[in-house]
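Chains, contacts and geometry: an overview
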Amino acid sequence: MLDFRIFTFLEVCRQMNFTKAARQLNITQPAVSQHIKWLEKEYGIKLFEMSGKKLRLTPEGDLFRNAAMTFHHDEMYLKRSIQEMKQEKRKINFGATLTIGDFILSKAVAEYIRKNPDTEVSVKIANTEDLLGQLDGGEIDFAMVEGYFEKGEYDYRIYSREAYTAVCGSSYHFQKEPDVLEDLLGETLIMREPGSGTREILEKSLEGRNLNVRDFKRKHEISSLHMIKRLVSENCGITFLYEAAVKEELENGSLRKLELRDFSVVHDFTFVWRNHSIFSQDYLNIFNSLHKDDMYTI
């Protein structure tokens with residue numbers, strides 16, 4: 001069982017303010033200070049320091065935070081596993097981003113359920129940012145993400161590598177057929193919301209060319225992939241998506257791929273869990289059950 005002062009520390013990390021942490025924990029601010037001082041004495045480190053008027057973690061404090069989050073996650077997983085053992089049942093609880101959940105993982109999960117009929121499966125669909133938050137908070141055991149993550153905080157395995165491309169409606173009209181990425185800046189861009197992996201890949205790709213989503217003539221933000229594809233097929237604009245998400249539309253001709261000379265992007269879909277977890281082998285066993293070598297699409 002984790003020392004209660006660890007939870008105080010993690011709340012201070014979330015709030016970066018002792019008073020706000022005390023309010024969230026329903027204890028006094030002096031009590032929060034005492035808990036932090038006790039941890040600093042116990043481990044012989046300084047956890048926080050002031051940078052101007054802002055509180056920040058020391059390098060040792062950041063290391064401690066990373067470990068504490070894994071400890072917390074492992075404790076929650078352990079408690080649930082013990083209850084499952086008593087009830088003679090098994091459950092896996094994980095998250096996946098929208099593209100992965102809707103277009104990549106369904107077949108693998110179906111096969112897993114058929115081979116493990118006594119195991120209950122819970123899959124939460126959210127964007128990368130939200131999933132990492134749920135993973136850190138112990139709400140899910142692992143996650144399948146397409147966005148970027150801090151590799152120092154998570155262990156991971158590559159699930160597949162996917163092509164990322166620009167698409168438009170089959171009858172979309174350009175003044176001049178685009179040849180390079182900048183040729184699209186005069187078009188209306190339809191994109192996912194901030195925090196989604198699909199949006200993040202686009203922003204990183206544009207950044208490498210000294211561009212930004214703001215450089216497009218008009219922009220629409222849509223959190224639904226199905227709506228984005230419908231709007232694009234209705235010639236309301238262009239978009240950037242993983243080819244796996246538009247495979248059916250490209251095959252039936254409702255969308256077409258834009259062949260750009262300077263835009264060839266491939267990105268990893270990644271299976272992640274808290275680093276240095278004592279249950280890493282459990283997660284790897286599930287990964288191996290879900291993953292097939294021939295699932296790499298590039």
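Please refer to the structure higher up on the page.
Before going into details, it helps to say that this report is about the structure given with it.

About the thresholds
- Residues numbered from 1 in each chain as written.
- Predicted model: local features only at pLDDT ≥ 70, side-chain atom pairs only at ≥ 80, totals over all residues.
- Heavy atoms only, no water.
- Phe/Tyr/Trp six-rings, centres within 6.5 Å; stacked < 30°, edge-to-face > 60°.
- Helix = DSSP H or I, 4+ residues; strand = E, 2+ residues; numbered from the N terminus.
- Buried < 20%, exposed > 50% of the residue type's maximum accessible area, 1.4 Å probe, protein only.
- Lys NZ or Arg CZ within 6 Å of the ring centre and 35° of its normal.
- Core = buried A, V, L, I, M, F, W, Y, C linked by side-chain atoms within 4.5 Å.
- Contact = heavy atoms within 4.5 Å.

Turning to the packing of aromatic side chains, a few remarks are in order. Taken as a whole and judged by the stated rule, the model has 21 aromatic pairs. Taking the centre distance of 4.7 Å and the plane angle of 10° together, the rings of Phe94 and Phe142 count as stacked. Highlighted residues: Phe94 in strand S3 (residues 90–96) and Phe142 in strand S5 (residues 142–145), separated in sequence by 48 residues. For the pair Phe94 and Phe142, a shared accessibility class is recorded, and that class is buried. Chaining the aromatic ring pairs together yields one cluster made of Tyr77, Phe94, Phe142, Tyr159, Phe271, Trp273, Phe279, Tyr283 and Phe287. Here Lys151 stacks its cationic end above the ring of Phe149, 4.8 Å away from the centre of that ring. The aromatic ring of Tyr148 is capped on one face by Lys204, whose charged end is 5.3 Å from the ring centroid.

Nonpolar side chains in soluble globular proteins tend to end up buried together. Core analysis: the largest hydrophobic core is formed by 46 residues, its most contacted members being Leu105, Leu184, Ile238 and Phe240. In terms of residue count, the dominant contributor to this core is helix H11 (residues 280–290) (five residues). For Leu184, the residues in contact, after removing those within four places along its chain, are Ala166, Phe174, Pro178, Phe216, Ile238, Phe240, Leu258 and Leu260. Membership of the second largest hydrophobic core comes to 19 residues, among which are Phe9, Ala21, Ala22 and Val32.

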